[in-house]
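What the coordinates show
Spelled out, the chains give:
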Amino acid sequence: MNFDFDRPIPREGTGSVKWDGRAGVFGPHNADVLPLWVADMDFAAPEAVTRALIERAAHPIYGYSLFPDSLFDALAGWMHQRHGWPIEREWVIWAPGVVPSLHAAVLGLTRPGEGVIVQSPVYPPFFSAVRVTGRRLIENPLRLEGDRYVMDLAHLEHCAKEARLLILCSPHNPVGRVWTEEELQAVLAIARRHGLAILSDEIHHDLVYPGETHQVLARLAGPDDRVVTAVAPSKSFNIPGLGLSALICPGPEDRAALVHAFDQLHVSASNPFGIAAFEAAYREGGPWLDALLAYLAGTRAFALGFIARECPGIRAIPPQGTYLLWLDCRGLGLDDPTLKSFFLEKARIGLNPGISFGAPGSGFMRLNLGAPRATVAEALQRLAQALRPI
Ligand SMILES: Cc1ncc(COP(=O)(O)O)c(C=O)c1O
């Protein structure tokens, strides 16, 4: 099969946050910057997904929908074949997204005032899920060793003493780590010693570069470990606007607590289009995903080489997973507001400031590689040009 990830597809006027939201986020005078920020991709979804949506749309009644057995079968087949993890139907809670699931986990598995650990720099909703629910945020910052981030396991053990829940990001956004089995076993051992529950956000589970293997934390866990896994086809197949995700929780008590958290708001995930796309992606999207990963690996290699050669003062942290590239810009010697305006005003590219991922992100920027390679090349050319002395 032939997949064309080089084809540019204009997104302006589609209500795209990444493209149409630029004026609101970067200011009206920056409405035309080249956007490589919010984590979706500028690629067409797999044809099988589009076909399933069109077929569903052809039936003109869009009523309340059940979650069909075939939806679970598609998820279970994918988790088993791709991730070696057999799951049972009763473990699955359908959810309207992974971020709502983070909130549900905090609400269901902890009480107000109790401690929740996050490992910064990390995807910003990890912080807000703890703060808005009135829990106590405990940070275990990752450590940058050479060009690779690691978990500070000694400090994690210390944090675990006063926490009820760890929100793990695996693979980790924004630093691109794919955690090893050894690292994950160490996390499980700490959680076991301190009675800690773990919400493992594995939304990026399929996006690992050739040669790397994503390990599902729950697959490594024992029967008494409390691990809840959040997954979705949304990042893998570029369908995040459609919402549907799955929380997988083998433990009946934790599962009941999560269901109760969703029930309190009567949040429903049953959108007929989300269901159609989710099922088609996991059932038929494998070849498309493999081609995507090969393409992204090429873009990663290009970007790493270009930045090393042409962007003095900037060091790219090589990602093992995700289509996100974490740029260490501390060599430029700019404070965070100045760094942000350098990228916008001088380079004319819209990235996520590292500081929005927590204090350890100060001096960093996050660049989204999920675009045709020519777009990434254009953005990096602009950056190199902006760095040249006048
Ligand atoms: C780690 C992580 N979790 C969750 C999400 C978003 O999940 P959802 O759109 O299903 O709420 C993202 C999006 O970037 C993410 O990186």
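For the rest of this paragraph, the subject is the domain arrangement of the protein. Frequently, the measure chosen for interface size is the accessible area that the parts lose on association. Domain parsing of the protein yields domain 1 (17–46 + 286–387) and domain 2 (61–283). A separation of 25 Å is found between the C-alpha centroids of domain 1 and domain 2. Between domain 1 and domain 2, roughly 2,900 Å² of surface is buried when both sides are summed, and carbon and sulfur atoms account for 60% of that area. Broken down residue by residue, the surface that domain 1 buries against domain 2 is led by Gln320, Thr322 and Phe357, which jointly contribute 26%. For the interface between domain 1 and domain 2, the tally reads one salt bridge. Between Asp290 and Arg82 there is a salt bridge, with its nearest N and O atoms 3.0 Å apart. Here domain 1 is connected to domain 2 by 16 residue pairs in polar contact (both at pLDDT 80 or more). Mapped onto the side of domain 1 that touches domain 2, the elements with two or more residues apiece are α12 (286–310), β11 (315–317), β12 (324–328) and β15 (364–368). Element by element, the count of residues in the side of domain 1 that touches domain 2 is highest for α12, at nine residues. Here the residues of the side of domain 1 that touches domain 2 are counted per class, giving 21 nonpolar, seven polar and eight charged.

This paragraph deals with the pairing of strand β3 (residues 115–118). As a general feature of sheets, a regular strand has side chains that alternate between the two faces. Residues of β3 alternate between two faces, with Gly115 and Ile117 on one and Val116 and Val118 on the opposite face, all of them buried. Bridge analysis of β3 against strand β4 (residues 136–139) gives four bridges, and the strand direction is parallel. Bridge pairing links Val116 to Leu137 in β4. With helix α6 (residues 125–131) bridging β3 and the parallel β4, this β-α-β connection has right-handed handedness. Bridge count between β3 and strand β7 (residues 165–169): three bridges; the pairing is parallel. Paired with Val116 across the bridge in β7 is Leu165.

For the rest of this paragraph, the subject is the site of the ligand. Around the ligand sit Ala39, Gly97, Val98, Val99, Pro100, Tyr123, Cys169, Asn173, Asp201, Ile203, His204 and Lys235, and that is every residue in its neighbourhood. Here a nitrogen atom of the ligand sits 2.6 Å away from a polar atom, N or O, in the side chain of Asp201. At 2.8 Å, a side-chain N or O of Lys235 approaches an oxygen atom of the ligand. Alone, the ligand offers 400 Å² of accessible surface; in the complex the protein occludes 88% of this. A per-element tally of the shell around the ligand places helix α5 (residues 98–109) first, with three residues. By residue class, the composition of the shell around the ligand is seven nonpolar, three polar and two charged.

Turning our attention to the pattern of salt bridges. Side chains bearing opposite charge may pair, as long as their charged atoms lie close to each other. Here the structure, examined in full by the defined rule, presents 23 salt bridges. Of the charged contacts, one joins Lys18 and Asp40 as a salt bridge, the two residues approaching to 3.3 Å between their closest N and O atoms. Of this pair, Lys18 sits in helix α1 (residues 17–20) while Asp40 sits in the loop between β1 (34–35) and α3 (47–58); the two residues are 22 residues apart in sequence, bridging distant segments of the chain. For the pair shown, Lys18 and Asp40 are each scored as buried. Residue Arg111 is joined to Glu114 by a salt bridge in which the shortest nitrogen-to-oxygen separation is 3.5 Å. Owing to a relative accessible area of 58%, Arg111 belongs among the exposed residues under this scheme. Under the relative-accessibility criterion, Glu114 is labelled buried at 16%. A cluster of three or more residues bridged by salt bridges with shared partners is formed by Arg11, Lys18, Asp40 and Asp42.

We now examine the side chain of Asn173. Take Asn173: it is sitting in the loop between β7 and α8 (181–194). The residues contacting Asn173, other than those within four sequence positions of it, are Pro121, Val122, Tyr123, His204, Leu324, Phe357 and Arg366.

By the element assignment, Pro112 lies in the loop between α5 and β3. The residues contacting Pro112, other than those within four sequence positions of it, are Gly134 and Arg135.

A word on the packing of α12 against helix α14 (residues 373–387). Relative to each other, α12 and α14 sit at 10 degrees, their axes nearing to 11 Å. Here α12 is positioned roughly parallel relative to α14, judged by the angle of their axes. Of the two possible hands of crossing, α12 and α14 adopt the one that is right-handed. Counting all contacts with α12, which are made through Tyr295, Gly298, Thr299, Phe302, Ala303, Phe306, Ile307 and Glu310, the residues of α14 involved are Arg373, Val376, Ala377, Leu380, Gln381 and Ala384. Residue classes in the contact of α12 with α14 are distributed as nine nonpolar, three polar and two charged.

Basis of the calculations
- Residues numbered from 1 in each chain as written.
- Predicted model: local features only at pLDDT ≥ 70, side-chain atom pairs only at ≥ 80, totals over all residues.
- Heavy atoms only, no water.
- Domains from an automatic or database assignment.
- Buried area = accessible area lost by both parts, 1.4 Å probe.
- Salt bridge = Lys/Arg side-chain N within 4 Å of Asp/Glu carboxyl O.
- Polar contact = N/O pair within 3.5 Å; in protein donor to acceptor, adjacent residues only side chain to side chain.
- Helix = DSSP H or I, 4+ residues; strand = E, 2+ residues; numbered from the N terminus.
- Nonpolar A, V, L, I, M, F, W, Y, C, P; charged D, E, K, R; others polar.
- Buried < 20%, exposed > 50% of the residue type's maximum accessible area, 1.4 Å probe, protein only.
- Pairing = 2+ DSSP bridges.
- Right-handed = clockwise from strand over helix to strand, strands pointing away.
- Near = heavy atom within 4 Å.
- Areas by Shrake-Rupley, 256 points an atom, 1.4 Å probe, with all protein chains shown as cover.
- Contact = heavy atoms within 4.5 Å.
- Axes fitted to C-alpha atoms, helices over the stretch in contact; angles between N-to-C directions.
- Parallel < 35°, antiparallel > 145°, perpendicular 65-115°, else oblique.
- Left-handed = near helix turned anticlockwise from the far one by under 90°.

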